[in-house]
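# A look at the structure
Here are the chains, one letter per residue:
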Amino acid sequence: MKKIYLDHAATTPVDKKVVEAMLPYFYKHYGNASSLHSFGRKAHEALEESRKKVASLLNVKEKEIIFTAGGTESDNIAIKGIAYKNREKRYTKGPHIITSSIEHPAVLETCKHLEMQGYKIKYLPVDKHGIINIDELEKTISKNTFLITIMYANNEIGTIQPIKEIGQIARENNIIFHTDAVQAIGKTPIDPNKINVDLLSISSHKMYGPKGVGALYIREGLSIQPIIHGGGHERGIRSSTENIPGIVGLGKACELAKKRMEKDTKHIKKMRDKLIKNILEIEESYLNGHPQKRLINNAHFRFTGIEGESLLLSLDDKGIAASTGSACSSKKLQPSHVLIAIGLTPIEAHGSLRLSLGRENTQEEISYVTDVLPEIINRLRKISPLWKKQE
Amino acid sequence: MTGMYSEKVMEHFRKPKNMGKIEDADAVGTVGNPVCGDLMTIYIKIKDNKIHDIKFQTFGCAAAIATSSMITELAKGKTLDEALKITRDDVANELNGLPSIKMHCSNLAADALHKAIKNYLQKKEREK
């Protein structure tokens, strides 16, 4: 059976060119980038070359990029790093940090951790499309607010936030602005200078690079307190011997993303739009997230009367890999916080399906998916007590 | 994901037995919690104090559908007393086990069957 991968928001395949770039750094140029000998120098060169490539994708300075072990770590370093720097503000009236209620757990759980240490956090609600209200953000800001952290685009429903406007407000109020751009990077041009972003998290494995590596953009002149201490790597912000093969992979992935962005966007968006159009023809099917302001590769649906895990396993039986916000497929057994935040009932949230596309998908694959999905939904609805239209 | 379920669970999920509604059921039992995402209804038809026919409708994960299917197989033809003795564990064992996280939320079929039988017995009591 052919297999169709539509879960690129979870992770992407590593591009062959990325693998090829990485390989010599395992067995040939394996030196420690801090060593002075030729092996070390070779690794150091690769490190700085990769930094250049990441910086180039974001149109920022090389020294504004530090490498991390992934998106989650980048978020932790950014948020805790700024919070610890503003430790004394904890004793003032908040909110000290403003975020949104639909952030990735890497941000939400970090904020909850800080709350336990006395920081006051405001979790902004979102509208039915998943967009924060700019007026409410402005009203929420206090003179003690030192950080706004709001994601560029949502990992589940793909909604893109008004990042430029948020950046403008942050700048006017002299507040540091961090954005988790893990899902957006490589899919849309991002220039932190144009959108007034001070800190920006990226992850390699969501953009055809290897897992276990990421980067954090830190605006020049911005000082943050390290949360990982040691040998002083990455300007002392993230100690630990650099993962050179991984970093080379991330660098290569950024280079490819920059080169291919226009072509990939066209190809992926065309497939995605067809997918949405065809799937919405299914009775009582709905699109979650914003109809326009969404990631080019994200299609997120809900279907009345069926549950996501059953849907996922049925798709898997047909060779199709997808994702759901249903509690049944999560470790916590709670429906997705994002779907609840956009106003869905738990039952509606359980009936959700995320299809996230990638550059290697084809039109034929999309046609296959839209061919088999209606039968699956039909079958599950026949079993369901919540689907009233029984023959 | 499939890896966490036994082959038997997947079998019953893919081809559930006795699925659907009994229009003239003698009793119905519904259990579940919409927050967890599992809702199930068992329909029974009683003849000579035995479960003559049984069907189910389930909204939920593969485990919820498989346990519903299994309970209909286990209960069919049994006397009401026998059917009341079928436990959640019996259902899970017949399916060669369930992931531990699913034991509580999705293993509701025995409860639904017991509820249907109790509803039937109460109805009989009132009719006397």
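What you are looking at is a predicted structure, and each value in this text was computed from that prediction instead of being measured. (Residues numbered from 1 in each chain as written. Chains lettered and ligands numbered in written order. Predicted model: local features only at pLDDT ≥ 70, side-chain atom pairs only at ≥ 80, totals over all residues. Heavy atoms only, no water.)

### Concerning the sheet that holds strand E1 (residues 27-33) of chain B
Residue and element names in this part refer to chain B. Selection rule: Whether two strands pair comes down to DSSP finding at least two bridges between them. Numbering goes from the N terminus for both helices and strands, where a helix is a DSSP run of H or I of at least four residues and a strand is a run of E of at least two. All axes here are fitted lines through C-alpha atoms, helices being fitted over the stretch that makes contact, and every angle between N-to-C directions spans 0 to 180 degrees. Any two residues whose heavy atoms approach within 4.5 Å at even a single point are treated as in contact.
Strand order in this open sheet of 3 strands is E1-E2-E3, and the pairing throughout is antiparallel. At either end of the open sheet lies a strand with only one pairing partner, and these are E1 and strand E3 (50-59). Here the average twist between neighbouring strands, direction ignored, is 15°. Bridge analysis of E1 against strand E2 (residues 38-47) gives 7 bridges, and the strand direction is antiparallel. Bridge pairing in E2 links Ala-27 to Ile-44. Contacting E1, E2 and E3, helix H6 (residues 109-127) runs over the sheet at an angle of about 145° to E1.

### Comments concerning the packing of aromatic side chains
Residue and element names in this part refer to chain A. Quick reminder of the rule: Pairing of aromatic rings covers Phe, Tyr and the six-membered ring of Trp, with a centre-to-centre limit of 6.5 Å; geometry is then stacked below 30 degrees between planes, edge-to-face above 60, and tilted otherwise. Buried means the residue's accessible area, taken with a 1.4 Å probe over protein chains only, is under 20% of the maximum for its type, while exposed means over 50%, and partly exposed covers the values in between. Geometrically, a charge over a ring is one whose NZ (Lys) or CZ (Arg) sits within 6 Å of the ring centre while staying within 35 degrees of the ring normal.
Overall, the coordinates contain 3 aromatic pairs over all chains when judged by the stated rule. Measuring from centroid to centroid gives 6.3 Å for Tyr-119 and Phe-146, while their planes differ by 70°, and the two rings are edge-to-face. Here Tyr-119 is found in the loop between helix H5 (105-116) and strand E4 (121-124), whereas its partner Phe-146 is found in the loop between helix H6 (134-140) and strand E5 (147-149), with 27 residues between them in sequence. The class for Tyr-119 is buried, based on a relative accessible area of 1%. Here Lys-2 stacks its cationic end above the ring of Tyr-368, 4.7 Å away from the centre of that ring.

### Focus on the domain arrangement of chain A
All names here are of chain A. Inclusion rule: In this document the domain limits rely on a domain assignment from an automatic tool or a database. Buried area adds together the accessible area that both of two parts lose upon being put together, with accessible area traced by a 1.4 Å probe. What qualifies as a polar contact is a pair of N or O atoms within 3.5 Å, subject to a donor-acceptor requirement within protein and to the restriction that residues adjacent in sequence count only when both atoms come from side chains.
Here chain A is partitioned into domain 1 (4-11 + 261-382) and domain 2 (16-256). Facing the 28 residues of domain 1 at the interface are 31 residues of domain 2. When domain 1 packs against domain 2, close to 2400 Å² is buried across both sides, 57% of that on carbon and sulfur atoms. Inspection of the region where domain 1 meets domain 2 yields 14 residue pairs in polar contact (both at pLDDT 80 or more). Residue assignment for the side of domain 1 that touches domain 2 shows that the elements contributing at least two residues are helix H8 (244-279), strand E10 (298-303) and helix H10 (337-341). In terms of residue count, the dominant contributor to the side of domain 1 that touches domain 2 is H10 (4 residues).

### Concerning a nonpolar patch on the surface
Which entries qualify depends on this criterion: Exposure above 30% relative accessible area and the lack of any salt bridge qualify a residue for a patch; like charges then connect within 9 Å, and the nonpolar side chains Val, Leu, Ile, Met, Phe, Trp and Tyr within 5 Å. Every accessible area reported is derived by Shrake-Rupley at a probe size of 1.4 Å, with residue values counting cover from the shown protein chains alone. The salt bridge criterion pairs a side-chain nitrogen of Lys or Arg with a carboxyl oxygen of Asp or Glu, the two atoms within 4 Å.
On the surface, Val-14, Val-19, Leu-23, Phe-26 and Tyr-27 of chain A cluster together into a nonpolar patch covering about 460 Å² of accessible area. Looking at the element boundaries, Phe-26 of chain A is found in helix H2 (residues 24-27).

### Side note on the environment of Gly-251 of chain A
All names here are of chain A. Looking at the secondary structure, you find Gly-251 in helix H8. Along the backbone, Gly-251 and Ser-50 are 201 residues apart, and their C-alpha atoms lie at a distance of 4.3 Å. Excluding residues that lie within four positions of it along the chain, Gly-251 makes contacts with Ser-50, Lys-53 and Val-54.

### A short note on the nonpolar core
What tends to happen in soluble globular proteins is that the nonpolar side chains get buried as a cluster. The condition that has to hold: In these notes, a set of buried Ala, Val, Leu, Ile, Met, Phe, Trp, Tyr and Cys residues joined through side-chain atoms within 4.5 Å is what counts as a nonpolar core.
Residues Phe-303, Leu-311 and Leu-355 of chain A together with Ile-44, Ile-51 and Leu-113 of chain B are the most contacted members of the largest nonpolar core, which totals 69 residues. Among all residues touching Ile-51 of chain B, those that are not within four sequence positions of it are Ile-44, Lys-45, Ile-46, Ala-75, Lys-76, Gly-77, Lys-78, Leu-80, Ala-83, Leu-113 and Ile-117 of chain B. Judged by nonpolar contacts, the second largest core, of 56 residues, contains Ala-55, Ile-65, Phe-67 and Leu-200 of chain A.

### Side note on the sheet that holds E10 of chain A
Residue and element names in this part refer to chain A. The strand order E9-E10-E12 describes an open sheet built from 3 strands, whose pairing is antiparallel. Looking at the sheet topology across the chains shown, the edges are occupied by strand E9 (285-287) and strand E12 (352-356). In this sheet, neighbouring strand axes are inclined to one another by 25° on average, regardless of whether the strands run parallel or antiparallel. Here 5 bridges tie E10 to E12, and the two strands are oriented antiparallel to one another. Its bridge partner being in E12, Phe-301 is matched across the sheet by Leu-353.

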